[in-house]
Amino acid sequence: GVAALGGGVAAALDAMPAVEVLCGQLAHPGKAVRREACWALSNIAAGRKEAVQRCLEGGLVPPLLTAVAACEATVRREAAWALCNLTAHATPRQHGYLAAHGAAPQLLAVLRAPDAALRAVVLHGLLRLCAAPCGLAARHLHDEGAVPLLLAIQDDDNAPPSIRDAAAALAAAVEAAG
């Protein structure tokens, strides 16, 4: 990740418009370029709340949501991971921003993927969004009819317990919002 690059490179990325440049690459015609841009943005987004703010101010959310809706599974996976990384260190206000831009419904669509690691990341990202005081993400998920999918994940004996537990917690939060 960016942190692994060392202080000098990480500082250089902070000083230049890395987020804006990488956001521009999300519209590139090449799938590999879009996937790698999402991966790089995911690493930046995994930073502290200041890095999250930089991503939000850099206009990351709309093109990232478009990438989450992409038909290419590899691009969708990396974009979803980047969105979830944004939720990891975001403030409640930043969570509200993500919710207001429709992050929860886009991430919900990714839960249908068979990738257990991605499912776990998305479930925890959604839990963080739903914990925001505004309650918007939970209402969006309720309006999208998320509860049956979450209950199916919870009842899936093939899913790891951590995924089933996260799905149960998310279903409870979504039901409470309804």
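Not measured: the values here are computed from a predicted model.

Student: Just to check I follow, could you spell out the overall build of the protein chain for this structure?
Tutor: Along the protein chain, the regular secondary structure elements total 12 helices and zero strands. Starting at the N terminus, the α and β elements of the protein chain follow one another as α-α-α-α-α-α-α-α-α-α-α-α. Relative to the globule expectation of 16 Å for 178 residues, the C-alpha radius of gyration of the protein chain, 16 Å, shows essentially globular dimensions. Principal-axis analysis of the C-alpha atoms places the extent of the protein chain at approximately 45 × 30 × 25 Å. For the protein chain, the residues scored as buried account for 42% of the 178 residues in total.

Student: Please explain the packing of helix α11 (residues 146-154) against helix α12 (residues 161-177) as it appears in this structure.
Tutor: When two helices pack together, their arrangement is captured by the angle between the axes and the distance separating the axes. One way to put it is that α11 packs onto α12 with a least axis distance of 8 Å and a crossing angle of 155°. Relative to α12, the element α11 lies roughly antiparallel. In this structure, the crossing between α11 and α12 has a hand that is left-handed. Across the interface between the two elements, V147, L150, L151, I153 and Q154 from α11 touch I163, R164, A167, A168, L170, A171, V174 and E175 from α12. Of the residues assigned to the contact of α11 with α12, the class counts are 10 nonpolar, one polar and two charged.

Reading guide: rules and limits
- Residues numbered from 1 in each chain as written.
- Predicted model: local features only at pLDDT ≥ 70, side-chain atom pairs only at ≥ 80, totals over all residues.
- Heavy atoms only, no water.
- Helix = DSSP H or I, 4+ residues; strand = E, 2+ residues; numbered from the N terminus.
- Rg over C-alpha atoms; globule rule 2.2 N^0.38 Å.
- Buried < 20%, exposed > 50% of the residue type's maximum accessible area, 1.4 Å probe, protein only.
- Axes fitted to C-alpha atoms, helices over the stretch in contact; angles between N-to-C directions.
- Parallel < 35°, antiparallel > 145°, perpendicular 65-115°, else oblique.
- Left-handed = near helix turned anticlockwise from the far one by under 90°.
- Contact = heavy atoms within 4.5 Å.
- Nonpolar A, V, L, I, M, F, W, Y, C, P; charged D, E, K, R; others polar.

From the geometry alone we can't say anything about function, so treat these as descriptive.
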